Structure formats: structure tokens, C-alpha cells
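# Residue-level structural notes
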Amino acid sequence: MKGIIAAQAHTVNDTCTDCGSFVDIGAVIDEHDTLLELQFNGVNAQSDAEAMANRAKARFSQTQAKTVPTDSGVSLQLTFDVSAEKMIFQLENGL
């Protein structure tokens, strides 16, 4: 823990003085982690992927969706505007 504190910039304050806990926010949220890739298999793979893409776009309007055929079905690639949107979408949809 002391090594982490010593290695970080002096402008970083990640100690909660109210609760006495220490958190490395970068370990929880990566600001560049905006791509969510989901695999859909079976006969309805394409329609299931499109439904999920529409759900993501309806929730976050800047989301970009791309479907890629795979050997066993469809891979859906959702690119969110920011990583927080990706996390919220995953939580709301149990992913």
C-alpha cells in the first residue's frame, strides 16, 4: 500500500478522510474501457443481438453498435461514449 501511495502523483487524493478507507479508482474504472462485446448463439442470434443493440442505443444515444457473424452465431460490439455508460448498461441488463 505504501508503494502505491509513493508512486502516485502528489495531486492524487484517494484517501477518504471521513471513512478512513483507501481506494485505487483506476483499478475499478478505466476511462478507455468503452467497448462491450457480447456473444449470441442459436437460431435467434441476429435478432437477439439487434434487440440488445437497440436497447443500448435507446438508453445511451451516442452508443455505436456493430454485429459480426461468428461460427456459432453473432458477436455484438457496443462502443459507449464513456466507460460509465458501459458499466451502467451492464448493471441494468445483468451482464
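Structural data are supplied above this passage.
Before going into details, it helps to say that this report is about the structure given with it. Residue positions are counted from 1 within each chain, in the order its sequence is given. Local features in a predicted model are, by the rule used here, given only for residues with pLDDT of at least 70; side-chain atom pairs are given and counted only at 80 or more, and totals for whole chains, interfaces and linings are based on all residues. Side-chain measures were taken over the full set of non-hydrogen atoms in the model, leaving aside hydrogen atoms and water.

### Side note on helix α4 (residues 83-92)
For every residue, the accessible area obtained with a 1.4 Å probe (protein chains only) is divided by the maximum for its type, and the residue is called buried under 20%, exposed over 50%, and partly exposed between those limits. By the criteria applied, helices consist of DSSP H or I runs no shorter than four residues and strands consist of E runs no shorter than two, each listed in order from the N terminus. Within α4, burial applies to S83, E85, K86 and F89. Down the axis of α4, the sector holding all buried residues measures 160°, keeping them to one side. G94 sits one or two positions beyond α4 and adopts a positive phi of about 65°. The directions considered for the arc are those from the helix axis to the C-beta atoms.

### Here we look at the pattern of salt bridges
Within this document, salt bridges are pairs made up of a side-chain nitrogen of Lys or Arg and a carboxyl oxygen of Asp or Glu, the two lying within 4 Å of each other. Scanning all chains against the criterion turns up two salt bridges. Across the pair E92 and R59 runs a salt bridge whose closest N-O atoms are separated by 2.9 Å. Highlighted residues: E92 in helix α4 and R59 in helix α3 (residues 45-59), separated in sequence by 33 residues.

### Here's the deal with the pairing of strand β3 (residues 73-79)
Most of β3 sits inside the fold, with five of its seven residues counted as buried. Pairing analysis gives seven bridges linking strand β1 (residues 35-41) to β3, with the strands arranged antiparallel. The residue bridging F40 from the neighbouring strand is V74, located in β3. Here six bridges tie strand β2 (residues 64-69) to β3, and the two strands are oriented antiparallel to one another. Here, any two strands with at least 2 DSSP bridges between them count as paired.

### Considerations on the side chain of S83
Relative to the helices and strands, S83 resides in helix α4. Note on contacts: a residue pair qualifies if any of its non-hydrogen atoms lie within 4.5 Å across the two residues. For S83, the residues in contact, after removing those within four places along its chain, are I29, D30, E31, D33 and T34.

### What to know about α3
Helix span, as expected, comes to 1.5 Å for every residue beyond the first. The end-to-end C-alpha distance of α3, which contains 15 residues, comes to 21 Å, matching closely the 21 Å that a straight helix rising 1.5 Å per residue would cover. Looking at α3, one finds that the buried residues are A45, A49, M52, A53 and A56. Angularly, the buried residues of α3 cover 100° about the axis, an arc narrow enough to put them on a single face. Buried positions along α3 lie against β1, β2, β3 and α4.

### Notes on the packing of aromatic side chains
Two aromatic rings, drawn from Phe, Tyr or Trp (for Trp, its six-membered ring), form a pair once their centres lie within 6.5 Å of each other, and the interplanar angle then sorts them: stacked below 30 degrees, edge-to-face above 60, tilted otherwise. Taken as a whole, this structure holds two aromatic pairs when the rule is applied. Ring centres of F60 and F80 lie 6.1 Å apart, and the angle between their planes is 80°; on these two criteria the pair is classed as edge-to-face. You can see F60 sitting in the loop between α3 and β2 and its partner F80 sitting in the loop between β3 and α4, a full 20 residues away along the chain. Grouping residues by exposure puts F60 and F80 together as buried. F80 gets classed as buried once you look at its relative accessible area, which sits at 3%. The rings of F60, F80 and F89 are connected pair by pair, giving a single aromatic cluster.

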